[in-house]
Amino acid sequence: MEVTSDRQSSAAPASMELDSSAGAGVDKLPPKPEFAALSAQEMDGKVEFRRIPVPPHRYSPLKKNWMEMYTPVYEQMKIDIRMNLKARKVELKTRRDTPEVGNLQKCADLVHAFMLGFDVADAVALLRLDDLYVESFEIQDALGQGGKTKFTIENCTRTRIVIADRKIHILGSFVNIKVARDSLCSLILGSPAGKVYSKLRSVTARLAERC
């Protein structure tokens, strides 16, 4: 019994020496390669299109603000843009020098936001910030244009709100859109404006602390 235990104890260090020697010969992995982002043409080799219809009531504002929309889309995002007068649609197309294929969708979101009634200056923010969205919902009763109440909610939540008859469109970050929507729904359901403002201030204060 004593001989067996001696053999086992002598064999253990030998195996450990083999394991350590095997590990010492392993080289470190090379660093991960870094590749530049593919251009729109390199992604699939074909031109991508988007077509956004123009509602009749937005035709005159579009004509008036065309250059304010055209400049960032064409010069900064490298996306071709034109107005198809016959089809009454704004057409967008990738170019050979379009840096990222995602630029096309950003420009389409910009045009769509303008068609919903947002100012060009507010809609252009969709090109610069990745965490901005537009959310729309419909209500049963007309809310009116909102006036002071609308501006108060916009300023507190850092959003932009468009009220079009029974449809409400909100432009902002995901969290801020939720706060603005809850405030609007409370007003629609009949909550006093003072109570809604008080809750709105407390919620926005908590959000500011998190940031």
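Residues numbered from 1 in each chain as written. Predicted model: local features only at pLDDT ≥ 70, side-chain atom pairs only at ≥ 80, totals over all residues. Heavy atoms only, no water.

Observations regarding the pairing of strand β6 (residues 167–172)
In summary, the side chains of a regular strand alternate between the two faces of the sheet.
Phase 1 of the analysis: Most of β6 sits out of view: five of its six residues are buried.
Phase 2 of the analysis: Pairing of strand β4 (residues 133–138) with β6 involves six bridges; the strand directions are antiparallel. Residue pairing for β6: Ser 136 is matched across the bridge by His 169.
Phase 3 of the analysis: Across five bridges, strand β5 (residues 160–164) lies against β6 in antiparallel orientation. What sits directly across from Ile 161, in β6, is Ile 170.
Phase 4 of the analysis: Two successive antiparallel strands, β5 and β6, enclose a turn made up of two residues, where Asp 165 displays a positive phi of approximately 60°. (Buried < 20%, exposed > 50% of the residue type's maximum accessible area, 1.4 Å probe, protein only. Helix = DSSP H or I, 4+ residues; strand = E, 2+ residues; numbered from the N terminus. Pairing = 2+ DSSP bridges.)

Re the sheet that holds β4
Phase 1 of the analysis: The three strands are arranged β4-β6-β5 in an open sheet whose pairing can be described as antiparallel. In this open sheet, the two strands that pair with only one neighbour each are β4 and β5. Adjacent strand axes in the sheet meet at a mean angle of 15°, parallel and antiparallel pairs treated alike. (Axes fitted to C-alpha atoms, helices over the stretch in contact; angles between N-to-C directions.)

Overview of the nonpolar core
Phase 1 of the analysis: Within the largest apolar cluster, 30 residues are counted, with the highest numbers of intra-cluster contacts made by Leu 62, Val 90, Leu 92 and Met 115.
Phase 2 of the analysis: Elements with a minimum of two residues in this core: α4 (66–76), β2 (79–84), β3 (89–94), α5 (102–116), α6 (120–123) and α7 (125–128).
Phase 3 of the analysis: Sort the elements by how many residues they give to this core and α5 lands first, with nine residues.
Phase 4 of the analysis: Of the domains in this structure, domain 1 (45–130) and domain 2 (131–210) are the two that each give at least three residues to this core.
Phase 5 of the analysis: Setting aside residues no more than four positions away along its own chain, Val 90 makes contact with Arg 50, Arg 51, Ile 52, Val 54, Leu 62, Trp 66, Ile 81, Arg 82, Met 83, Val 111 and Met 115.
Phase 6 of the analysis: Within the second largest apolar cluster, 14 residues are counted, among which are Ile 139, Ile 161, Ile 163 and Ala 180. (Core = buried A, V, L, I, M, F, W, Y, C linked by side-chain atoms within 4.5 Å. Domains from an automatic or database assignment. Contact = heavy atoms within 4.5 Å.)

Quick notes on the pattern of salt bridges
Phase 1 of the analysis: Under the criterion given, the structure shown has nine salt bridges.
Phase 2 of the analysis: For Asp 130, the salt bridge goes to Lys 106, with nearest N and O atoms at 3.0 Å. You can see Asp 130 sitting in the loop between α7 and β4 and its partner Lys 106 sitting in helix α5, a full 24 residues away along the chain.
Phase 3 of the analysis: What makes Asp 130 exposed here is its relative accessible area of 60%. (Salt bridge = Lys/Arg side-chain N within 4 Å of Asp/Glu carboxyl O.)

Some thoughts on the packing of aromatic side chains
Phase 1 of the analysis: Under the definition given, this model contains two aromatic pairs.
Phase 2 of the analysis: Measuring from centroid to centroid gives 6.4 Å for Trp 66 and Tyr 70, while their planes differ by 35°, and the two rings are tilted. Taken together, the positions of Trp 66 and Tyr 70, both in helix α4 and four residues apart, correspond to about one turn of that helix.
Phase 3 of the analysis: Look at Tyr 70 and you get partly exposed, because its relative accessible area is 23%.
Phase 4 of the analysis: Ring centres 5.3 Å apart and planes at 10° place the aromatic pair Tyr 70 and Tyr 74 in the stacked group. Of the two residues, Tyr 70 and Tyr 74 both sit in helix α4, four residues apart, roughly one turn of that helix.
Phase 5 of the analysis: Members of the aromatic cluster, each reached through a chain of ring pairs, are Trp 66, Tyr 70 and Tyr 74.
Phase 6 of the analysis: The side chain of Arg 58 reaches across the aromatic face of Phe 114, ending 4.4 Å from its centre. (Phe/Tyr/Trp six-rings, centres within 6.5 Å; stacked < 30°, edge-to-face > 60°. Lys NZ or Arg CZ within 6 Å of the ring centre and 35° of its normal.)

Details of the sheet that holds strand β1 (residues 49–53)
Phase 1 of the analysis: Here we have three strands laid out as an open sheet, ordered β1-β3-β2, and antiparallel in their pairing. Every other strand in the sheet has two partners, leaving β1 and β2 as the edge strands with one partner each. Pairs of neighbouring strands in the sheet enclose a mean axial angle of 20°, with direction left out of account.
Phase 2 of the analysis: Judged from the six bridges that link them, β2 and β3 form a sheet pairing that is antiparallel. In the sheet register, Asp 80 faces β3, and the bridge partner there is Lys 93.
Phase 3 of the analysis: Each of β2 and β3 is contacted by α4, which is oriented at about 150° to β2, the strand it contacts most.

Everything listed is a geometric property; what it means functionally is a separate question.
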